[in-house]
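A closer look at the structure
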Amino acid sequence: MRFITRLGTGQKAAILLSLDAGIALLSLAGADLLLNGALPDLRPLADGRFLLLGLLTVLGTSSYLGLPRMKLLAYEKHGIVETGILAASLGASCAVANALPGARIPPQQILFASLLFLALCVSARLALLRLTELLYRLAKARQRLLIYGAGKTGQRIAAALAEDDSMMPVAFLDDNPRLQSLSVGGLHVYSPLRIKTLVQRLDIDSIVLAVPDESRLLQLRNLSDLPCKTLTLPSLAETLAGKRPAQAPSRIALQDLLGRKRLDLEFPEAGDSYAGKSVLVTGAGGSIGSELCRQLAALSPARLVLLDHCELALYTIARELEDMFPELALVPVLGSVCDAPLVRALLGEQRIDTILHAAAYKHVPLVQSNIFAGLRNNIIGTKTVTDAAADARIDRFILISSDKAVRPTSVMGATKRLAEEIVQDHATRAAHTRFSMVRFGNVIGSSGSVIPLFQDQITRGGPVTVTHPEVSRYFMTVTEAVRLVLTAGSFACGGEVFVLDMGAPVRILQVAQQMIRGAGLTIRDEDTPRGEIEIRFTGLRAGEKLHEELFISADMLPTPHAKILRAEERHLSQIEVASALFEIRRAIEARDTDAAANALARWVSERARIKATG
């Protein structure tokens, strides 16, 4: 590469002229070989007429047309026609030489030599172009881009970047099924459902959004957890112009948000525990459930059963998995975890070995004002699935829990704590099934998370709403959460509460400030009255805590993984769990809000004061 770049214009022209002359001689000899199938007769070529006229014509015409001085990058667009003229001039010079006294070359050989010269000249220059590009890329790494949108805008971006020194388009993504599996502008078009696999397999550095404005925000939110940058057209243009480094609007560095380095790569693969097994994921269409399905599908289970009561969510994840893992035995089931006959039939018919129970209502304010739906889904649903699991003697049951279950003050947190109590009660009595729980904090980008909320508010120009200046939360990525679940579940013996060592909690105000600054905007406050985005404090909502906790007691035990801890916690007895369920069922049937709240407060914690509004 250094040798090529150091060559002067005159030296490059001399090399290309010599190449044309050599190809001319090779074409005249090769035409005879190809036509007659025997060693070429070089006696006519030895005659000075052909060498003199042919080579002089090629050298003169090539210089006149400017082919030796033409840049290789421009050759595909502007040089092929000129090469055709050069090939015709070679044929004409040989025809003139044939008219002179001396040895003759058959006319068909002259025609074939001209065509061969054209093919070899074009191929040689294109090969030099590809070699130069390869050497240049080896000398200077280019960002690998995935372009979201294979329409006219995406095609223009790909064409503009084809000759760029810093960025290289690798493939397209498009929602249009008619474009998927086709090639547009030399780049393959993939379904967006395969985006997580493609980012890893194609070593993507950035994704460029070539989509309409109305869908750009949605795509930014959907891509927020990928391990690469997301560029919109304005940020791409500024990056190419060298005005600022490439970054996505309203994006926050995960390392800054988490307050620690990401741990998903530190968890070992848990394939041995799930390979060849029949696995059921409840709540398979949710944020956690869908990621569980993706990672499980890569571990080669014998069968993956998806249960969800939301038709759209179930259809979306099932279609994605069918596209990514066509050989996987996939069973999507539309139904509720509260439907006992369905759950029992499912475990028997599909011969389930492992259940990952992610079905739950988790939005604190919504569950607070819809207490009966939260009780039915989070508590009765868990009881239904655990009973069926124990009766079917499945191997493992893993409950996906929340940090809000620790000393809860909300209906949602109380329902999750009672779900833990139900699982712990089964763990003490089950002879064949290993019941365990995994507890973690907020998942970045999941439904109800502050990250997409802040993105929406920043896009609309603010204000960004924060409940309290000191409110803090634990954060983790969805890949970390799911890897934790699968790893912890692989060494569960029964009755454990696994908790991730998540580092220090992060202040929500700090997250809001980082996201505003990350979007290139200023914060409006007393010191900066002309700032662009205001942060407004709205006060803690009903059931919300100022700070979340991960442990009920201080007694923590190690596990085979240094970043996963095991909590030793007291739990209700079998009789107490039965009494709690009896009171909750009676409150649901009577739709008695006060009775429901009192039952939660009584059985979850003697210090809890659970209030509900609906």
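Our subject is the structure that appears above.
Below you will find a few notes about this structure. Going along each chain's sequence as written, the residues are numbered from 1 onward. Note on the predicted model: pLDDT of at least 70 is required for a residue's local features to be given, and 80 or more for side-chain atom pairs to be given and counted; whole-chain, interface and lining totals, by contrast, use all residues. In computing side-chain properties, one takes all heavy atoms of the structure into account and sets aside hydrogens as well as water.

When its secondary structure is counted, the protein chain shows 24 helices and 22 strands. Three exposure classes are used, based on accessible area relative to the maximum for each residue type with a 1.4 Å probe and protein chains only: buried under 20%, partly exposed in between, and exposed over 50%. For the protein chain, buried positions account for 50% of its 614 residues. Contacts are assigned to residue pairs with any non-hydrogen atoms lying within 4.5 Å of each other. In the protein chain, the proportion of contacts linking residues at least 24 apart, taken out of those at least 6 apart, comes to 74%. A total of about 28,400 Å² of accessible surface is found on the protein chain, and carbon and sulfur atoms cover 55% of it. Note on conventions: DSSP H or I runs of at least 4 residues are helices, E runs of at least 2 residues are strands, and numbering of each starts at the N terminus. Residue exposure ignores everything except the shown protein chains as possible cover, and the areas themselves are Shrake-Rupley values with a 1.4 Å probe.

A separate point is the pairing of strand β10 (residues 354-357). Across the two faces of β10 the burial is the same, with Thr 354 and Leu 356 and Ile 355 and His 357 all buried. Pairing between two strands is assigned when DSSP locates at least 2 bridges connecting them. Relative to β10, strand β7 (residues 278-282) runs parallel, the two being bridged by four bridges. By the bridge assignment, Val 281 is partnered in β10 with Leu 356. Taken together, the four bridges between β10 and strand β11 (residues 396-402) define a ladder with parallel strand orientation. Directly across from Ile 355, in β11, lies its bridge partner Phe 397.

Within the fold, Ser 401 resides in strand β11. Owing to a relative accessible area of 4%, Ser 401 belongs among the buried residues under this scheme. Sequence-distant contacts of Ser 401, that is, excluding residues within four places in its chain, are made with Lys 416, Glu 420, Val 438, Arg 439 and Phe 440.

Next up on the list: the pattern of salt bridges. Salt bridges are counted wherever a side-chain nitrogen of Lys or Arg sits within 4 Å of a carboxyl oxygen of Asp or Glu. Inspection of every chain in the model, using the stated rule, returns 14 salt bridges. With a closest N to O distance of 2.9 Å, Asp 425 and Arg 429 form a salt bridge. You can see Asp 425 and its partner Arg 429 sitting in helix α19 (residues 411-429), four residues apart, about one turn around the helix. According to the relative accessible area criterion, Arg 429 is partly exposed, its value standing at 38%. A salt bridge links Arg 536 to Glu 534; the nearest nitrogen and oxygen atoms lie 3.2 Å apart. The exposure class assigned to Glu 534 is partly exposed, which follows from its relative accessible area of 25%. The network of salt bridges with common partners includes Arg 417, Glu 420, Glu 421 and Arg 439.

Let us look at the nonpolar core. In globular proteins that are soluble, nonpolar side chains generally tend to be buried together. We define a nonpolar core as any set of buried Ala, Val, Leu, Ile, Met, Phe, Trp, Tyr and Cys residues linked to one another through side-chain atoms lying within 4.5 Å. Among the nonpolar cores identified, the biggest contains 37 residues, and Ile 288, Leu 292, Leu 304, Leu 306, Leu 356 and Phe 440 are the most heavily contacted of them. When residues of this core are traced back to their parent elements, those giving at least two are β7, α14 (287-297), β8 (303-308), α15 (311-324), β11, β12 (434-440), α21 (478-490) and β17 (497-500). With seven residues, the single largest contributor to this core is α21. With sequence-adjacent residues up to four places away left out, Leu 356 is seen in contact with Val 279, Leu 280, Val 281, Thr 282, Leu 292, Leu 296, Ile 398, Val 485 and Leu 486.

Of note, Ser 402 is situated in strand β11. Residue classification places Ser 402 among the buried residues on the basis of a relative accessible area of 11%. Whenever two N or O atoms come within 3.5 Å, that pair is a polar contact, provided that in protein one can donate a hydrogen and the other can accept it, and provided that, for residues adjacent in sequence, both atoms are side-chain atoms. For Ser 402, the side chain forms a polar contact with the side chain of Asp 403, separated by 3.3 Å. Among the polar contacts listed, one links the side chain of Ser 402 to the backbone nitrogen of Lys 404, at a separation of 3.0 Å.

Following the sequence through the fold, Glu 583 ends up in helix α23 (residues 574-590). Residues Glu 583 and Leu 600 lie 17 residues apart in sequence; the distance between their C-alpha atoms is 9.2 Å. Apart from residues no more than four positions distant in its own chain, Glu 583 is found in contact with Ala 599, Arg 602 and Trp 603.

Glancing now at helix α22 (residues 508-518). By the burial criterion, the buried members of α22 are Ile 508, Leu 509, Val 511, Ala 512, Met 515, Ile 516 and Gly 518. Just beyond α22, the residue with positive phi is Gly 520, at close to 80 degrees.

Where helix α18 (residues 371-392) contacts α23, the two axes come as close as 11 Å, and the packing angle between them is 140 degrees. In terms of their interaxial angle, α18 and α23 are classed as oblique. In this structure, α18 crosses over α23, and the sense of that crossing is left-handed. Contacts from Phe 372, Leu 375, Arg 376, Ile 379, Ile 380 and Lys 383 in α18 reach Leu 581, Ile 584, Arg 585, Ala 587 and Ile 588 in α23. Of the residues contributing to the contact of α18 with α23, the split by class is eight nonpolar, no polar and three charged. Note on geometry: axes are C-alpha line fits, over the in-contact stretch for helices, and angles between N-to-C directions span 0 to 180 degrees. Oblique is the label for any angle not under 35 degrees, not over 145, and not in the 65 to 115 range, which are roughly parallel, roughly antiparallel and roughly perpendicular in turn. The sense of a crossing depends on the near helix, which, turned anticlockwise from the far helix by less than a right angle, makes the crossing left-handed and, turned clockwise, makes it right-handed. Three residue categories are used. Nonpolar comprises Ala, Val, Leu, Ile, Met, Phe, Trp, Tyr, Cys and Pro, charged comprises Asp, Glu, Lys and Arg, and polar comprises the others, including Gly.

This next bit is on the packing of aromatic side chains. Stacked, tilted and edge-to-face pairs are distinguished by plane angle, under 30 degrees for stacked and over 60 for edge-to-face with tilted covering the rest, among Phe, Tyr and Trp rings (Trp via its six-membered ring) whose centres lie within 6.5 Å. Under the definition given, this model contains one aromatic pair. Plain terms: the ring middles of Phe 397 and Phe 435 are 5.3 Å apart, the flat faces sit at 45 degrees to each other, and that makes the pair tilted. Of this pair, Phe 397 sits in strand β11 while Phe 435 sits in strand β12, and the two are 38 residues apart along the sequence. Overall, Phe 435 belongs to the buried group, its relative accessible area being 0%.

Here six strands make up an open sheet; going across it, the order is β3-β4-β2-β1-β5-β6 and the pairing mixed. Of all strands in the sheet, those bounded by a partner on one side alone are β3 (183-184) and β6 (229-231). As paired strands, strand β1 (residues 143-148) and strand β5 (residues 206-209) are joined by four bridges and run parallel to one another. Each bridged residue has a counterpart across the sheet, and for Leu 145 the counterpart in β5 is Ser 206. Packing against the sheet, helix α8 (residues 152-161) makes contact with β1, β2 (167-173), β3, β4 (187-190) and β5, and its axis sits at approximately 155 degrees to β2.

All right, on to the pairing of β12 then. Burial analysis of β12 places six of its seven residues in the buried class, the great majority of the element. Summarising the sheet, β11 and β12 pair through seven bridges and their orientation is parallel. By the bridge assignment, Leu 399 is partnered in β12 with Met 437. For the handedness criterion, the strands are oriented away from the viewer, and a crossover whose path from the first strand over the helix to the second runs clockwise is classed as right-handed. In this region the chain leaves β11, passes through α19 and returns to the parallel neighbour β12; the handedness of that crossover is right-handed.

This part covers unusual backbone geometry. Of note in this structure, Ser 300 is not a glycine but carries a positive phi near 60 degrees. With respect to the helices and strands, Ser 300 occurs in the loop between α14 and β8.

So, on to the packing of α14 against α15. At a minimum axis separation of 11 Å, α14 and α15 run at an interaxial angle of 20 degrees. Put simply, α14 runs roughly parallel to α15. Once α14 is placed against α15, the crossing between them reads as right-handed. Of the residues in α15, those in contact with Ser 290, Cys 293, Arg 294 and Ala 297 of α14 are Ile 317, Glu 320 and Leu 321. Taken together, the residues of the contact of α14 with α15 break down into four nonpolar, one polar and two charged.

What follows concerns the sheet that holds strand β19 (residues 523-524). Taking strand neighbours across the sheet as the criterion, the three strands line up as β14-β20-β19 in an open arrangement whose pairing is parallel. The open sheet is flanked by β14 (464-466) and β19, the only strands paired with a single partner. Bridging between β14 and strand β20 (residues 533-537) involves three bridges; their strand directions are parallel. Bridging across to β20, Thr 465 finds its partner in Arg 536.

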